[in-house]
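Given next are the chains, with one letter for each unit.
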Amino acid sequence: MNVLNFINAFFSDSAHWHGYDGIPHRLLEHVQYSLIALAIAAAIGLPVGLITGHTGRGGTTLALIATAARALPSFGLLVLMFVLLGLGLLPVMIPLVVLAIPPILVTTYEAVRTVEPAPVDAARGMGMTEPRILFQVELPVALPLILSGLRSAAIQIVSTATIAAYVSLGGLGRYIVDGLYQRNYEKVVGGATLVAVLALATLGLFWAAARAAVSPGVRRS
Amino acid sequence: MNGFFDIPSDLQHSWLGLIGLHLREALIPVLAGLVLALPIGQLCVRVRWLYPPVLWVTTVLYAVPSLAFFVVLIDYTGQSETTVMIPLAVYSLVVLVPAIVDGVRSVPQETLAAATAMGFGPVRRYLQVQLPIAVPALIAGLRVATVSSISLVSVGTLIGNQGALGNLLADAMFYHRPVLAVNSVVTTAALAIVIDALLVLLRKVLTPWAPPASGRTRPARRLLGRPAKEGTALRPEPAALAVQDTAPVKDTAR
């Protein structure tokens, strides 16, 4: 197995574990980009999704916006932003955020909208205010689906942040892009492995978050 | 927009040629994914315990970044179109299997019983009853798969100019011509939107019985409520975007 040899060679080379181009530093950069992008996307997507889901209005508009945003190629957007804006964090953040908003927005909307109406009506009958209904009745029930939306956004961000290296930024993509130019496949495969592992770790993290945050009653029903 | 259609000669294609190339690299994988997903989906419907492990495997595959996928494949298939198309086929498969399973499962028992009573065998029942009723869910999955496939082809430019329209991006940087990047993004997005619209049209043609979707009713509740119990937490790409597509069928099927 060629690939396994490459992986082994990459990770056993101690030069890859230190300094500016070392694995810890690149990993940190990658996680940083991803977290910033996810935070921005969630800050936009969650409130809008919650409100439209609660009122049940604007679903068609949301679907249209989401389809349009999805149609934009993130890699193309990245290069375009880089060509227009130059080097910096902004050209990387724009495509990542655009990429992450549709899954967050649409799942949140659908999750809140599809909560059983009976408990919502009951809460309203008990005199709960609309914000309380949203946060204490609808949100807990919708949480599993909302988290799955956040999760697919996070995974797409982690995968796509790789591409930041193409426009001279850091992150784990550096190994892949540099390795491709240097014909150093050991580096390429090592970088690819790290990104895949990080994506899987994200998956695991969200699984754990769902276990911890979703109330047992909702999980079973 | 000076030079918008001035494609550098090193790409060896005209603008329309690049579009053709892009469509080929994006759509063949989706088709391959569909051909694989149909039997796998059917198997998951038949053998119930098979579905959760299949979902886990597909979710994990989905989590592997496309660039990482491409790069690992270079070792086997070289810097060729195949290297770009294999991961795209896998992603399509991942999106389509849950769509098919949910779609086929959403067929009400009464409908199946009626078909059996009319003397339909299992094969005919599948082809003439279950599959048509699953069409909206299937098309919803296809829409997600196709749009992301079209968008991801561009990344192929990183592994030796296999990105079709994405190759314009490399040239935009190489020759310092931002207009080429604009061309690439706009054309790719337009392509995705056109294909998406065609799929919506296809669904309308294939499901003449479905009432026009309306935003006012809340027909999706049952459909989304049910799978949430079994496996939504595992599902790679929430089908939520597509729910508008799937919504009416459940109603009519009842």
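The coordinates are above.
Procedures and definitions
Residues numbered from 1 in each chain as written. Chains lettered and ligands numbered in written order. Predicted model: local features only at pLDDT ≥ 70, side-chain atom pairs only at ≥ 80, totals over all residues. Heavy atoms only, no water. Contact = heavy atoms within 4.5 Å. Buried area = accessible area lost by both parts, 1.4 Å probe. Polar contact = N/O pair within 3.5 Å; in protein donor to acceptor, adjacent residues only side chain to side chain. Helix = DSSP H or I, 4+ residues; strand = E, 2+ residues; numbered from the N terminus. Nonpolar A, V, L, I, M, F, W, Y, C, P; charged D, E, K, R; others polar. Expected span 1.5 Å × (residues − 1). Buried < 20%, exposed > 50% of the residue type's maximum accessible area, 1.4 Å probe, protein only. Core = buried A, V, L, I, M, F, W, Y, C linked by side-chain atoms within 4.5 Å. Patch = residues over 30% accessible without salt bridge, like charges linked within 9 Å, V, L, I, M, F, W, Y side chains within 5 Å. Areas by Shrake-Rupley, 256 points an atom, 1.4 Å probe, with all protein chains shown as cover. Salt bridge = Lys/Arg side-chain N within 4 Å of Asp/Glu carboxyl O.

What's the story with the interface of chain A and chain B in this structure? I'm lost.
The accessible area lost on association of the parts is a frequent measure of interface size. In this complex, chain A contributes 56 residues to the contact, which on the side of chain B involves 54 residues. Overall, the association of chain A and chain B removes approximately 4,700 Å² of surface from exposure, summing both partners, and the carbon and sulfur fraction of that is 72%. It is Arg70, Phe75 and Arg113 of chain A in chain A that bury the most area against chain B; as a group they hold 13% of the surface buried on that side. Viewed at the interface, chain B and chain A are joined by zero residue pairs in polar contact (both at pLDDT 80 or more). For the side of chain A that touches chain B, the secondary structure elements donating two or more residues are α1 (2-12), α3 (59-71), α4 (74-85), α5 (90-113), α7 (130-161), α8 (173-182) and α9 (185-213) of chain A. Residue contributions to the side of chain A that touches chain B peak at 10 residues, all from α9 of chain A. Grouping the amino acids of the side of chain A that touches chain B by side-chain chemistry returns 35 nonpolar, 15 polar and six charged.

I'm lost on α4 of chain A in this one. Help?
The periodicity of an α-helix, 3.6 residues per turn, causes residues three or four places apart in sequence to face the same way. All names here are of chain A. Over its 12 residues, α4 runs 16 Å from end to end, which matches the ideal 16 Å to within 8%, given 1.5 Å per residue. The element α4 is extensively covered by neighbouring structure, given that nine of its 12 residues are classed as buried. Looking only at α4, the buried set comprises Ser74, Phe75, Gly76, Leu77, Leu78, Val79, Leu80, Met81 and Phe82.

I keep staring at the nonpolar core and nothing clicks. Help me out?
Across soluble globular proteins, you tend to see nonpolar side chains buried next to one another. In this structure, Phe75 and Ile176 of chain A are the most contacted members of the largest nonpolar core, which totals 99 residues. Setting aside residues no more than four positions away along its own chain, Phe75 of chain A makes contact with Ile163 and Tyr166 of chain A together with Ser154, Val155, Thr157, Leu158 and Leu169 of chain B. Of all hydrophobic cores here, the second largest spans 22 residues; its members include Val30, Leu34, Tyr51 and Leu199 of chain B.

Honestly, a nonpolar patch on the surface in this entry has me stumped. Any pointers?
All names here are of chain A. Judged by side-chain polarity, Ile36, Ile40, Ile44, Val48 and Leu89 come together as a nonpolar surface patch covering roughly 360 Å² of accessible area. Within the element layout of this structure, Ile36 appears in helix α2 (residues 23-55). A residue is classified by how much of its surface remains accessible, and Ile36, at 37% relative accessible area, is partly exposed.

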